[in-house]
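Now for the letters of each chain:
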Amino acid sequence: MLDKAYDPKPVEAKWGEAWRRARLFSSKPKPGVRVFSIVIPPPNVTGALHLGHALNNTLQDVLVRWNRMRGAEVCWVPGTDHGGIATQNVMEKQLKAEKSSRGDLGRGKFLERMQAWTKDCKRTISGQLDKLGCALDWEREAFTMDEARARSVFAAFKALWEKGLIYRGERLVNWCVRCGTALSDIEVEHEERKGQLWHVHYPAAEGEMGLDVATTRPETMLGDAAVAVHPSDRRYSHLVGKKLKLPLTGREIPVVADEAVESEFGTGAVKVTPAHDPDDFEIGARHGLALLKVIGPDGRITEAGGPYAGLSREQARDKVVADLKASGLLREVKDHRHCVGVCYRCSSVVEPLLSDQWFVKMSELSRPALQALDQGKFRIHPQSWEKPYRDWLLSIRDWCVSRQIWWGHRIPVWYCSACHDEKVVSMDAPSSCPACGGESFVQDPDVLDTWFSSALWPMSVFEWPKKSEELNYYYPTAVLVTGYEILYLWVARMQMMGLEFMGKPPFRDALIHGIVRDKSGKKMSKSLGNVIDPLDMMAKYGTDALRFSLAAQAHPGRDIPFSEDSLTGPRNFANKLWNSTRFVLMNLPEAPPAGGYPLSKLSLGRIELSDRWILAEHQKTAALVRDHLERYEAAAAADILYGFLWDTFCDWYVELAKIRLQGMDGEEKEAARTILVQVLSGTLKLLHPFMPFITEELYSALRPYSGEKAEFILQAGIPEPEFDCLSPEAEKEMGLLMEIIAAVRSVRAQLNVPPGLKIRVLCSGGEDAVRDLVAKGDGYIKALARVESLEPAQEGKRPAQSATAVAAGMSLFIPLSGLIDFDKEKSRLQKELQKAEADLKKIAQKMENKDFLARAPESEVCLARSQREAALSRQARLKETLAALE
């Protein structure tokens, strides 16, 4: 017997240990067996996991468990990512708190400390994933910087180098001054910020009036190489080809005409600083302009900045503006909102910087990725993400893969100390230089971008480039589950690398989910104080409740506005499931019959309408859940299961089954027991991928009665009907009876008829078939609506002092005399009506407020709309009931 109340903690501990002990999630190649392999998006070893990780891994676990139950050989590979910049930032903050730095430690000691830190983090992360119930094959755990992955990274680098797709060159890159490293284009986030637009006069070198230039970055004018105007802008056509004097320096620069200039922006004339702006770099290349670097890697003005040398970017801006103002060259200053590039890790403003870096040529790698998408070999769910993915591949730039940090895969390039320029690609120091025979080498100090090793993940976890049985069996993987924010950073790059090295996409499908935000739609962050710790929620509400809440809200293409309130429903759902199973068990014999209660023993001649109806509903539910999960629609499947278990099974069938369970022993009672056991067991299997702990516990308790042989629910398979149970006739008839029961219950609730008091119901009208059905199903109506008698009413005449309901095409009259105090009830209902109308007025005022509609989060506007609809419906019901009492 189950405990009276459901306590998730002991249940979760019990089954988590049982699954581990049974090595239930381990996998090995089984030729001839359908394989479903999936790799975890490896979380960074920067600390504990957050709600976004809980969502991502819950969705993966749903698919993993579902496919195991479908008989596939499932392999879910766990692992973590070294996290390059992010993890180094965490460590440097720790060192700063200790009044130390990585420079104080030196590279070797710093890396030793990083390794120790990551070991602790990996233990924390694996513990959290285990607690979440993730069916990961822990015997395969990988790390992007372990020995096997290092071999994969080297093999990829060497192959791309030999193919001419990796090169080193001086290019304009995104530079994070705070992190001290280059970033790729997609590692730069763009934020709209308040700024200013300065109009600065550039005097003509000879005799002309000169022109005004609009800029958002006056400090970079120290590196200007030209001023550009649009070729068709007549205001400045006379100046094209002539010289201007650069303010504050007197250096002469040309005026050039370029179609990239927007005549409508600012003054229509823009300064061109090729070494500090990507668009200017392109203009400079077209016009052969000089590259003058006036901001260094430390964010300070270089010697080329003359009197401003040594100042930070911010200090230089203030001094340049002050000097322009003093010289009379600052014509106007306007407030201006514009997009600013910031580092995706530390949110510092990114500096476009001319720098010597390592790059991967992307045009050749992107073509096969585009073809895979166009030919349907790779699909994105939801499909709405395909266009931005395709657009990004079409406009792709070369990928800057070198990072000026210490934590990461060191670039495997060695420079000969004797001939300097000779580069040797090798995992370890070469023995001799192929050019001069020298034996002294220096390795490139940079490390590879984190995403380089991550791009190899679906191959490297199976030890590519080794041609192993496992790589051949598990690659390509089935599906990748990830958030849209790394669609380009990671998903696209994995596709390119997989196609380049394996000739196949690394996964056939990518399921792209939204971001977990707070209930107002804001991104969760510690600074805002709106972070919700998944471990706290699991401890308070149970792991299954958290998993179900996240999965049920993960509608394709939508972010999740998460609040703690969203866990109340799933927790109550778990309790409802527990209590209903407990009720079923209490109505079964202590000693199960031999073989349990299989449907095969059921005498079809002894089952009744409600049995045929619930079997049909169960078969339909199983088919819908199967269809939705095959299409990666976990939220839709969760919604169907919730509705079936709570409403259809618990609130209707269990109540109907009580009629027979409380009667004498016989075939009717055995039929009710059989169907309760089989429908409940089958639905627990469907629900298991979403709520693994409670379903395992309940399945285990029911197993002696269900006839199941499998020790664990994962081994039991998904429910398949032993015979076709679909019955449109039973569904129609049961639907009509439920409509009548619900109508009578509604009247009882509206008029406060005491629950224990039985009532009379008089029926009028309706088709003959419905009247016959009511006569046959009067036991259901009487039991569930607390009805004493069902009688025909006098045609065309409503009984005095009766409430009326309409259902199934019939009029139902409920005599109220002796049931309620009319005056007292009218007074109560009038007070409720006044309250409902007051609530409606408040909601109407909110909905008529234009500021609220314009500024409030969409979730709050939707809530207000639903509250208004509910208040209107309540107002109408109360008015109808009062009218009936009159």
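The present account deals with the structure reproduced in this document. Within every chain, residues take consecutive numbers counted from 1 along the sequence as written. Residue-level local features of this predicted model are given only where pLDDT is at least 70; pairs of side-chain atoms are given and counted only at 80 or more, and the full residue set underlies all totals for whole chains, interfaces and linings. Side-chain metrics in this entry use all non-hydrogen atoms of the structure; hydrogen atoms and water are not considered.

### Let's talk about unusual backbone geometry
- With an omega dihedral of 0°, the bond running from His 381 to Pro 382 counts as a cis peptide bond.
- In this text, helices come from DSSP runs of H or I with a minimum length of four residues, and strands from runs of E with a minimum of two, each type numbered from the N-terminal end. Here Pro 382 shows up in the loop between strand 15 (379-381) and helix 10 (386-394).
- For the bond running from Tyr 475 to Pro 476, omega is 0°, close enough to zero to count as cis.
- Inspection of the secondary structure assignment puts Pro 476 in the loop between helix 13 (469-474) and strand 22 (477-483).
- The phi dihedral of Lys 99 is positive, around 60°, even though this residue is not glycine.

### A look at the nonpolar core
- Take the buried Ala, Val, Leu, Ile, Met, Phe, Trp, Tyr and Cys residues and link them wherever side-chain atoms come within 4.5 Å; each set so joined is a nonpolar core. Residue exposure (1.4 Å probe, protein chains only): buried if accessible area is under 20% of the type maximum, exposed if over 50%, otherwise partly exposed. If you look at the biggest cluster of nonpolar residues, it comprises 220 residues, and the most contacted ones within it are Phe 452, Phe 562, Phe 649, Phe 690 and Leu 812.
- The contact definition used throughout considers only heavy atoms, calling two residues in contact when any of these lie within 4.5 Å. Excluding its chain neighbours within four sequence positions, the residues that come into contact with Phe 562 are Leu 51, Val 516, Arg 517, Asp 518, Lys 519, Met 524, Ile 532, Leu 546, Ser 549, Leu 550, Gln 553 and Leu 567.
- One finds Trp 198, Tyr 202, Ile 295 and Ala 316 within the second-largest nonpolar core, a separate group that totals 27 residues.

### Observations concerning the pattern of salt bridges
- A carboxyl oxygen of Asp or Glu within 4 Å of a side-chain nitrogen of Lys or Arg is what we treat as a salt bridge. Applying the stated criterion across every chain yields a total of 58 salt bridges.
- Two residues, Arg 660 and Glu 608, come together in a salt bridge whose shortest N-O distance is 3.6 Å. Taken together, the positions of Arg 660 in helix 19 (residues 634-661) and Glu 608 in the loop between helix 17 (568-586) and helix 18 (609-630) put the pair 52 residues apart, joining distant regions of the chain.
- Overall, the relative accessible area of 25% leaves Glu 608 in the partly exposed class.
- Put simply, Arg 217, Glu 219, Arg 313, Arg 317 and Glu 351 are held in one network by salt bridges that share partners.

### Section: the packing of aromatic side chains
- Only Phe, Tyr and Trp rings are paired, with Trp represented by its six-membered ring, and only when their centres lie within 6.5 Å; those with planes under 30 degrees apart are stacked, over 60 edge-to-face, the remainder tilted. The full count for this structure, using the stated rule, is 23 aromatic pairs.
- Measuring from centroid to centroid gives 5.2 Å for Phe 462 and Tyr 474, while their planes differ by 20°, and the two rings are stacked. Here Phe 462 is found in the loop between helix 12 (457-460) and helix 13, whereas its partner Tyr 474 is found in helix 13, with 12 residues between them in sequence.
- Exposure remark for Tyr 474: the relative accessible area of 0% places this residue in the buried category.
- Relative to Phe 690, the ring of Phe 548 lies with its centre 6.3 Å away and its plane at 65°, an arrangement referred to as edge-to-face. In this pair, Phe 548 is assigned in helix 16 (residues 543-553) and Phe 690 in the loop between helix 20 (667-687) and helix 21 (692-706), connecting sequence segments 142 residues apart.
- With relative accessibility at 3%, the residue Phe 548 sits in the buried group.
- A residue is classified by how much of its surface remains accessible, and Phe 690, at 0% relative accessible area, is buried.

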